[in-house]
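# Observations on the model geometry
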Amino acid sequence: MKWDWIGENAGTIENLLGQHLCLAFLPVAIGLAIALPVGMLAVRHPRLYPSILMTGGILYSVPSLALFIVLPSILGTRILDPINIIVALTFYAMALLIRSVVDGLRSVPDHVTQAASAIGYRRYRQLLQVELPIALPVIASGVRVVTVSTISLVSVGALIGTGGLGELFTQGFQLGFLTPIVVGGVLSVAITLLADGLLLFVQRILTPWARAGSVR
């Protein structure tokens, strides 16, 4: 380990860290925004769910590196454009999160939805104020899993020249130099743990009833 290398390249490391965070969290946010309405649609129309699930499974089965390389020809972008990684990882995030949304909404007891209807809740109000809050722990667990996997997948993008902290790995392997590999690995693990801890904290804040139930 050459500790002075870290100080000399602090600016580059900071830029790669910022790029890594952007490439990881944008796909999760976009994927969740798409998965919520699609998952709700699948719950309302169960016949659609097998097709939606199969489509998501096919998307998730495509190797990430292959998708990074193919997308530029589909989107008309340059191969080094970060949008390719964002779109690819959004597909993966969406494919996993749709299942979490469906499982969460299906976990809402029938008597709860019947009671909401009986007291005059309209369909969308019932969904937003009753079903989604109850489904939130399941959905949040899915978001945590997807966030952790997406943070790790971003590094694969370094093989095509745009991968955040993954570029430290490729630099270290190409030069036979351990320090950037260790720095990239430590930072990747650190942001994964911090992101998971932050999401768990937010989940507990948004679902105090779940925490109270576990205490009992």
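It should be noted that the structure appears before, not after, this text.
Our subject in this report is the structure included herewith. Remember, predicted model here, so these are calculated numbers, not experimental data. (Residues numbered from 1 in each chain as written. Predicted model: local features only at pLDDT ≥ 70, side-chain atom pairs only at ≥ 80, totals over all residues. Heavy atoms only, no water.)

Looking only at helices and strands, the protein features 10 helices and 0 strands. Scanning the protein from its N terminus toward the C terminus, one meets helices and strands in the order α-α-α-α-α-α-α-α-α-α. Each principal axis of the C-alpha distribution contributes one length, and for the protein these read about 70 × 45 × 20 Å. Looking at the protein as a whole, 38% of its 216 residues are labelled buried. Counting only carbon and sulfur atoms, one obtains 68% of the accessible surface of the protein, whose full area is about 11800 Å². The centroid of the 13 positive side-chain charges in the protein is displaced by 18 Å from the centroid of its 9 negative side-chain charges. (Helix = DSSP H or I, 4+ residues; strand = E, 2+ residues; numbered from the N terminus. Buried < 20%, exposed > 50% of the residue type's maximum accessible area, 1.4 Å probe, protein only. Areas by Shrake-Rupley, 256 points an atom, 1.4 Å probe, with all protein chains shown as cover. Lys, Arg positive; Asp, Glu negative; His and termini not counted. Charge placed at Lys NZ, Arg CZ, Asp CG, Glu CD.)

Let's shift gears to the environment of Val 189. On the secondary structure map, Val 189 appears in helix 9 (residues 178–206). For the pair Val 189 and Ser 152, spaced 37 residues apart in sequence, the C-alpha to C-alpha distance is 8.8 Å.

Attention now moves to a nonpolar patch on the surface. Taken together, the side chains of Met 1, Trp 3, Leu 178, Val 182 and Val 186 make up a nonpolar region of the molecular surface, amounting to roughly 510 Å² of accessible area. If you trace the backbone, Met 1 turns up in the segment before helix 1 (3–8). Overall, Met 1 belongs to the partly exposed group, its relative accessible area being 41%. (Patch = residues over 30% accessible without salt bridge, like charges linked within 9 Å, V, L, I, M, F, W, Y side chains within 5 Å. Salt bridge = Lys/Arg side-chain N within 4 Å of Asp/Glu carboxyl O.)

On to helix 4 (residues 64–75). Spanning 12 residues, helix 4 covers 16 Å between terminal C-alpha atoms, matching the ideal 16 Å at 1.5 Å per step. Among all positions in helix 4, only Ser 64, Leu 67, Phe 68, Leu 71 and Pro 72 are buried. Burial along helix 4 is one-sided: seen end-on, the buried residues are contained in an arc of 140°. In this structure, the buried residues of helix 4 make contact with helix 5 (82–106) and helix 7 (123–154). At the exit of helix 4 stands Gly 76, carrying a positive phi of roughly 75°. (Expected span 1.5 Å × (residues − 1). Arc of directions from axis to C-beta. Contact = heavy atoms within 4.5 Å.)

Take the packing of helix 8 (residues 166–175) against helix 9 next. A packed helix pair is summarised by two numbers, namely the angle formed by the two axes and the spacing between the axes. Helix 9 packs onto helix 8 with a crossing angle of 160° between their chain directions and a minimal axis gap of 7 Å. Between helix 8 and helix 9, the interaxial angle falls into the category roughly antiparallel. Crossing handedness for the pair helix 8 and helix 9: left-handed. For the pair helix 8 and helix 9, the contacting residues are Leu 168, Phe 169, Gly 172 and Phe 173 in the first and Pro 180, Ile 181, Val 183, Gly 184, Gly 185 and Ser 188 in the second. Of the residues that constitute the contact of helix 8 with helix 9, the class distribution is 6 nonpolar, 4 polar and no charged. (Axes fitted to C-alpha atoms, helices over the stretch in contact; angles between N-to-C directions. Parallel < 35°, antiparallel > 145°, perpendicular 65-115°, else oblique. Left-handed = near helix turned anticlockwise from the far one by under 90°. Nonpolar A, V, L, I, M, F, W, Y, C, P; charged D, E, K, R; others polar.)

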